Amino acid sequence: MAPVSGRDGGSVCGCKGIRRCLICETCKGKTSELEVVHHFLYDPETRLAVCKGGEAESFPFPGVFLWENFISEEEEKELIGSMDQDVWNPSQSGRRKQDYGPKVNFKKRKVRVADFNGLPALSQKLVLRMQQQPNLKGFQPVEQCNLDYHPQRGAAIDPHLDDSWLWGERLVTVNMLADTVLTMSLEPGLPERGLTGEVQVAVRLPRRCLVVLYGEARHRWKHGIHREDIQERRVCSTYRELSAEFLPAGQQAQLGAELLDIALTFKGTPV
């Protein structure tokens, strides 16, 4: 079904296929949801997934790094003000987006520079700050995606695994304007721990924090944002690095070097 259009003829909904938001749900109907059997809450101090109901034992949950107050209130205001000066494009499930990165066809595994002219200027100091943290040593993002969530649109993002052909080990997100919850999910469950059926681990994201997913949290567990966890406007910026295939000694190292050279000029506009 094509995106729903507003009275002025402009598209106000970017949902396609099975995606849903409040704007288009009356046209497409609601999707059925899998029954969730086990709910856990991530404890950043112990790095354990703690069972909310207490009926199951806690277990180690590696691959999540949380940096609270990564940006200041003043920086948050500056970043949002700059984003809102550019166009927000309708995206899936009630989100709006701004992309800074190459044109990618993941199915055909093709990458084009296209109109990509770098990451935005205000990201330069943030990237330098990230690189001072041991977990982000050598982090060089080649793509930035800004996403805007609002409860009036029923904005959410379905559980998914990010691509690992082009994008590298670490996914880095800066959370702005509101606290929210990042839900990690594993549909097969953890039978080795006696947990059959879907398992969800809620990772609380405070306003202005930075979160990094790597290892199992990046490659095994899906991540998403539930509609009910968007209580007010929330904006995030996700930064992605290149995979080994596009780094020195990789099969597409030349293309990777070109993309990095463009990205790190920090002179970009949304593509």
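Shown above is the structure to which this text applies.
Residues numbered from 1 in each chain as written. Predicted model: local features only at pLDDT ≥ 70, side-chain atom pairs only at ≥ 80, totals over all residues. Heavy atoms only, no water.

K.L.:
Help me understand the overall build of the protein chain, please; the structure alone is not making it clear to me.
P.N.:
What the protein chain contains, in helices and strands, is five helices and 18 strands. For 271 residues, the compact-globule estimate of 2.2 N^0.38 gives 18 Å, and the C-alpha radius of gyration of the protein chain, at 19 Å, lies within 12% of that figure. Looking at the protein chain residue by residue over its 271 residues, the buried ones come to 47%. In the structure as shown, the protein chain presents an accessible area of about 14000 Å², 49% of it carried by carbon and sulfur atoms. (Helix = DSSP H or I, 4+ residues; strand = E, 2+ residues; numbered from the N terminus. Rg over C-alpha atoms; globule rule 2.2 N^0.38 Å. Buried < 20%, exposed > 50% of the residue type's maximum accessible area, 1.4 Å probe, protein only. Areas by Shrake-Rupley, 256 points an atom, 1.4 Å probe, with all protein chains shown as cover.)

K.L.:
So what exactly am I meant to see when it comes to the environment of glycine 197 here?
P.N.:
Looking at the element boundaries, glycine 197 is found in the loop between β14 (195-196) and β15 (198-205). In this structure the C-alpha to C-alpha distance between glycine 197 and tryptophan 167, which are 30 residues apart in sequence, comes to 29 Å. Residues contacting glycine 197, with those up to four places away along its chain left out, are Val37, Leu186, Glu187, Pro188 and Gly189. (Contact = heavy atoms within 4.5 Å.)

K.L.:
It is not clear to me how helix α3 (residues 123-130) should be interpreted in this structure. Could you clarify?
P.N.:
Each turn of an α-helix holds 3.6 residues, which means side chains three or four residues apart point in the same direction. What α3 keeps buried is the set Ser123, Leu126, Val127 and Met130. Across the axial projection of α3, the buried residues extend over an arc of 100 degrees, all falling on one side. If you follow the buried residues of α3, they end up packed against β4 (64-67), α2 (73-83), β9 (141-149), β11 (167-176), β16 (210-213) and β18 (234-242). (Arc of directions from axis to C-beta.)

K.L.:
Teacher, can you tell me more about helix α5 (residues 253-263) here?
P.N.:
Taken as a whole, α5 has its buried residues at Leu255, Gly256, Leu259, Leu260, Ile262 and Ala263. Down the axis, α5 shows its buried residues gathered within 160 degrees of arc, on one side only. The exposed residues of α5 that point more than 90 degrees off its buried face are Gln254 and Asp261. Residues of α5 that are buried in the fold lie against β8 (110-112), β9 and β18.

K.L.:
What is the right way to look at the pattern of salt bridges in this model?
P.N.:
Pairs may arise between side chains of opposite charge once their charged atoms sit close together. Under the criterion given, the structure shown has 17 salt bridges. Ionic pairing is found between lysine 125 and glutamate 78, a salt bridge with its closest N-O pair at 3.6 Å. Of this pair, lysine 125 sits in helix α3 while glutamate 78 sits in helix α2, and the two are 47 residues apart along the sequence. For arginine 240, the salt bridge identified is with aspartate 162, shortest N-O distance 2.9 Å. On the criterion of sequence distance, the pair formed by arginine 240 in strand β18 and aspartate 162 in the loop between β10 (157-160) and β11 is long-range, its members being 78 residues apart. In terms of burial, arginine 240 and aspartate 162 fall into one category: buried. Where salt bridges share partners, they join Asp84, Arg96, Asp148, Arg153 and Arg233 into one cluster. (Salt bridge = Lys/Arg side-chain N within 4 Å of Asp/Glu carboxyl O.)

K.L.:
What exactly am I supposed to notice about the packing of aromatic side chains here?
P.N.:
Under the counting rule described, the total for this entry stands at 10 aromatic pairs. Centre to centre, the rings of tryptophan 67 and phenylalanine 70 are 4.8 Å apart; their planes meet at 75 degrees, and the pair counts as edge-to-face. We classify tryptophan 67 as partly exposed; its relative accessible area is 22%. By relative accessible area, which is 3% here, phenylalanine 70 ends up buried. Centre to centre, the rings of phenylalanine 106 and tryptophan 165 are 6.5 Å apart; their planes meet at 90 degrees, and the pair counts as edge-to-face. (Phe/Tyr/Trp six-rings, centres within 6.5 Å; stacked < 30°, edge-to-face > 60°.)

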